[in-house]
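Coordinate inspection notes
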Amino acid sequence: SEKWVKDQLKIKSVRNELRIRLKKDGFYNGNKNQFIKFIKENENWLNEYISESYSQAQIWICKGLSDFYNDSFGVFCLSKKKDNLLMWAHYSSNHEGLVIEFDFSNDPNLNVINEVQYSDHRVKILPSIDQKKIINNNKFAEIALRKSKEWSYEEEWRIFYELKELQKVVLEGKNIYLKDINTEIIKKIYFGVSCSENLKKKIREIISKPNLNHISTEQVYLDHYDFKLRFESEFKTEEEKVFIEMK
């Protein structure tokens, strides 16, 4: 319809204008002061051109906020589950990797672990742009901890760190950010079904050190009768290996 065409043109115009203004005002350089300056100087313009009817504009604003915080914060993602087949396939190179189990019960980071909320709806920040709510980390947290219900099987939790507090390394052309942790919170390591003997050997050598010898290991197997995984303490002999695989 004619109205639909006009709406699409308006959305495209808003999107392009946002791109120009955000880039011009240094939105993408991760500078929080620049972001606050942008919101304050453009609040009237944003409220005038973005209304609740323009759902695409909502997406672009949320994306802009995400981009800003992606330049400033890192996210450590965890799950409550160790036996989800999809997660093993997606995040461990189809069972070739491993899973690390943490115990945060005696760790000060426990109070900063945030549970992801799953919903059919994005976080609503329109029709008006409330600069106090956006600048406040609560709004960021609401956006950063909201995912589609399609991902609910992950049962995800997240910890946020400022990138300036992390160690930056470049691996295969990508920026990787590292953080030292209290090794006492590492409880167990689970080797994937297809985890190579070479990788397992390296891990065993690492955790044989005095400050890491509290970490135990388990081997993961595909169940022969059901679509599920089985976890067994690592075998010591070839006979034990055969016995476990036949169980």
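Residue indices follow the written sequence of each chain, beginning from 1 at its first position. Since the coordinates come from a predicted model, pLDDT governs what is reported: local features require at least 70, and pairs of side-chain atoms require 80 or more to be given and counted, while whole-chain, interface and lining totals use all residues. Each side-chain value is worked out from all heavy atoms of the structure, with water and hydrogens disregarded.

Across its full length, the protein chain holds eight helices and 11 strands. Counting all 247 residues of the protein chain, 34% fall into the buried class. Whether two residues are in contact is decided by their heavy atoms, any of which lying within 4.5 Å being enough. Residue pairs at least 24 apart in sequence account for 70% of intrachain contacts in the protein chain once pairs closer than 6 positions are excluded. Computed with a 1.4 Å probe, the accessible areas rest on the Shrake-Rupley method; for each residue, only the protein chains presented here act as cover. Accessible surface for the protein chain amounts to roughly 16,400 Å². Of this, 51% is attributable to carbon and sulfur atoms. Numbering goes from the N terminus for both helices and strands, where a helix is a DSSP run of H or I of at least four residues and a strand is a run of E of at least two. Burial here depends on accessible area, computed with a 1.4 Å probe over protein chains only, as a share of the maximum for the residue type. Under 20% is buried, over 50% is exposed, and the range in between is partly exposed.

What follows covers the sheet that holds strand 6 (residues 156-162). Paired strands, as defined in this entry, are two strands with at least two bridges between them according to DSSP. The three strands are arranged 1-6-3 in an open sheet whose pairing can be described as antiparallel. On the outer flanks of this sheet lie strand 1 (73-79) and strand 3 (114-115), each paired with one strand and no other. In this sheet, strand 6 lies alongside strand 1 in antiparallel orientation, the contact comprising seven bridges. Within the sheet, the bridge partner assigned to Leu78 lies in strand 6 and is Trp157.

Of the pairings in the sheet, the one linking strand 7 (residues 167-171) to strand 8 (residues 174-178) comprises five bridges and is antiparallel in character. In the sheet register, Lys168 faces strand 8, and the bridge partner there is Tyr177. Hairpin connection of strand 7 to strand 8: two residues between the antiparallel strands, including Glu172 at a positive phi of 55 degrees.

With that out of the way, let us pick up the layout of surface pockets. Think of a 1 Å grid over just the protein atoms. A cavity is a set of points where a 1.4 Å probe fits yet cannot get out, a pocket is an open set with protein on both sides within 12 Å along at least five of seven lines, and lining residues have an atom within 4 Å of a point. Grid points are joined across faces, edges and corners, and a volume is the space filled by probe spheres set on the points. Quantified by volume, the largest pocket comes out at close to 840 Å³. Of all the secondary structure elements, the ones that give two or more residues to the lining of the largest pocket are strand 1, helix 4 (85-91), strand 2 (98-102) and strand 6. In terms of residues, the lining of the largest pocket owes the most to one element, strand 2, which gives five residues. Residues belonging to the lining of the largest pocket are distributed by class as follows: 15 nonpolar, four polar and six charged. In the scheme used here, Gly and all other residues not listed as nonpolar or charged are polar, with Ala, Val, Leu, Ile, Met, Phe, Trp, Tyr, Cys and Pro taken as nonpolar and Asp, Glu, Lys and Arg as charged.

Let us now look at unusual backbone geometry. Trans is the common state for peptide bonds, and a negative phi is the common state for residues other than glycine. The phi angle at Glu155 is positive, at roughly 45 degrees, despite the residue not being glycine. Here Glu155 shows up in the loop between strand 5 (146-148) and strand 6. The phi torsion at Glu172 lies on the positive side, around 55 degrees, for a residue other than glycine. Within the secondary structure, Glu172 is located in the loop between strand 7 and strand 8. Looking at Glu172, the relative accessible area reads 79%, which means it is exposed.

The strand order 2-9-10-11 describes an open sheet built from four strands, whose pairing is mixed. Edge positions in the sheet fall to strand 2 and strand 11 (229-233), since each of these pairs with one other strand and no more. Neighbour-to-neighbour, the strand axes of this sheet turn through a mean angle of 30 degrees, independent of strand direction. Sheet topology note: the strand 10 (residues 216-222)/strand 11 ladder contains five bridges and is antiparallel. Bridging across to strand 11, Gln219 finds its partner in Glu232. Axis definition: a line fitted to C-alpha atoms, limited for helices to the stretch in contact. Angles are taken between N-to-C directions and run from 0 to 180 degrees.

With respect to the secondary-structure elements, Ser92 resides in the loop between helix 4 and strand 2. Within the local environment of Ser92, its side chain forms a polar contact with the backbone oxygen of Trp88, the two atoms lying 2.3 Å apart. The term polar contact refers here to a pair of N or O atoms within 3.5 Å; inside protein, the definition further demands a hydrogen-donor-capable atom paired with an acceptor-capable atom, and it admits residues adjacent in sequence only when both atoms are side-chain atoms. Within the structure, Ser92 has its side chain in polar contact with the backbone nitrogen of His95 (distance 3.2 Å). Not counting residues within four places of it along the chain, the set of residues in contact with Ser92 comprises Met87, Gly97 and Leu98.

Now for helix 7 (residues 197-207). In an α-helix, one turn spans 3.6 residues, which is why side chains three or four residues apart end up on the same side. Here helix 7 has its buried residues at Lys200, Ile203 and Ile207. Down the axis of helix 7, the buried side of the element spans an arc of 65 degrees, and every buried residue falls inside it. Elements in contact with the buried residues of helix 7: strand 2, strand 9 (186-191) and strand 10. This arc corresponds to the set of directions leading from the helix axis out to the C-beta atoms.

So, about the confidence of the model for the protein chain. Averaged over all residues, the pLDDT of the protein chain is 77; the fraction at 70 or higher stands at 59%. On a scale of 0 to 100, pLDDT captures the predictor's confidence in every residue. Segment residues 25-30 is flagged for pLDDT under 50; beyond a separation of four residues in sequence, or across chains, it makes 20 contacts in the model. Below a pLDDT of 50 lies the segment residues 240-247, which in the model reaches 13 contacts outside its immediate sequence neighbourhood of four places, other chains included.

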